[in-house]
Amino acid sequence: MDLDTGDIIIDPSWPGHAMLVYDQHQIIHGQGKTNGFHKSWLKGTNRAGVYWHIADGLQIYRFPWHSYNHVNQEEYKAKIKFYADAIEKTASYGYYRALRLQIGSSYFGKGAADRLQKYRARFGTPDSWDNFDRVMQIVKIDKGVKKITCVEAVLIALQLAMPPGTPGFINLDGAHTMPNQLGAYLTNAWGGQHKMAVV
């Protein structure tokens, strides 16, 4: 099974870790020991920095691309990459935010919606979703998401790209969602876990 843009990988071992599949070769994720949201190579790409997490025991959730036609798939995948790149440029890992994950409701409410609107305004919109225009817009961004956790960055990137109510939109507040809570949600909303051969 090949991974695709928008898929989510969760390491369920406590305290857990959430990763967003950027493309078939890379994942993007937040870690405290590095500078915020960053890309790592997937195992099997024969590149430096092979990512060791692709192993037995991980939970893999496939984004429901079957609900979209090909044209819409490509546009939304470009949007996911744009917002992931924008977060990567502007965010650092928030240790305090990690501590507060278990406090408050994980429900996607007004607070989460208002934060998305703020981030969307800060990032702006490329002239088109072609790679060149996306890169040019990223260059212009000087303010975006300041602090993230692994789950929060994954959710923000997807929620900015996918309008509420569309297939795949995740109705959780990333500021108050643990990796295991995200996994439980996706098990119901995205049709359960999938397996990938470890190479």
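Residues numbered from 1 in each chain as written. Predicted model: local features only at pLDDT ≥ 70, side-chain atom pairs only at ≥ 80, totals over all residues. Heavy atoms only, no water.

Chemist: Just to check I follow, could you spell out the overall build of the protein for this structure?
Modeler: Across its full length, the protein carries six helices and seven strands. The N-to-C order of helical and strand elements in the protein reads β-β-β-β-β-α-β-α-α-α-β-α-α. Relative to all contacts within the protein whose residues are 6 or more apart in sequence, the contacts with residues 24 or more apart total 68%. A total of about 9,800 Å² of accessible surface is found on the protein, and carbon and sulfur atoms cover 51% of it. (Helix = DSSP H or I, 4+ residues; strand = E, 2+ residues; numbered from the N terminus. Contact = heavy atoms within 4.5 Å. Areas by Shrake-Rupley, 256 points an atom, 1.4 Å probe, with all protein chains shown as cover.)

Chemist: Is there a simple way to think about the sheet that holds strand 5 (residues 59-61) in this case?
Modeler: Backbone-to-backbone hydrogen bonds join strands into a sheet, with any given pair of strands oriented parallel or antiparallel. If you walk across this open sheet you meet the five strands as 4-3-2-1-5, and the pairing is antiparallel. In the strand order of this sheet, the two ends are held by strand 4 (36-41) and strand 5, each with one partner. In this sheet, neighbouring strand axes are inclined to one another by 25° on average, regardless of whether the strands run parallel or antiparallel. Pairing of strand 1 (residues 8-11) with strand 5, which is carried by three bridges, proceeds in the antiparallel orientation. When the bridges of strand 5 are listed, Ile-9 appears paired with Ile-60. The strands that helix 1 (residues 70-90) touches are strand 2 (17-21), strand 3 (26-31) and strand 4; relative to strand 4, the one it contacts most, it runs at about 120°. Sheet contacts for helix 5 (residues 150-161): strand 1, strand 2, strand 3 and strand 4; angle to strand 2, the most-contacted strand, approximately 30°. (Pairing = 2+ DSSP bridges. Axes fitted to C-alpha atoms, helices over the stretch in contact; angles between N-to-C directions.)

Chemist: Just checking my understanding: could you explain unusual backbone geometry for this structure?
Modeler: Across the chain, the bulk of peptide bonds are trans and the bulk of non-glycine residues have phi less than zero. Between Trp-14 and the following residue, Pro-15, the backbone shows a cis peptide bond with an omega angle of 0°. With respect to the helices and strands, Pro-15 occurs in the loop between strand 1 and strand 2.

Chemist: Help me out: how do you make sense of the nonpolar core in this one?
Modeler: Side chains that are nonpolar tend, in soluble globular proteins, to be buried together. Judged by nonpolar contacts, the single largest core of 46 residues is most densely connected at Ile-8, Ile-87, Phe-123, Leu-158, Ile-170 and Leu-182. Among the secondary structure elements, those contributing two or more residues to this core are strand 1, strand 2, helix 1, helix 3 (110-123), helix 5 and helix 6 (179-189). Here the element with the most residues in this core is helix 5; it accounts for ten residues. Among the nonpolar cores identified, the runner-up in size contains eight residues, and Leu-3, Val-21, Ile-27 and Leu-58 belong to it. (Core = buried A, V, L, I, M, F, W, Y, C linked by side-chain atoms within 4.5 Å. Buried < 20%, exposed > 50% of the residue type's maximum accessible area, 1.4 Å probe, protein only.)

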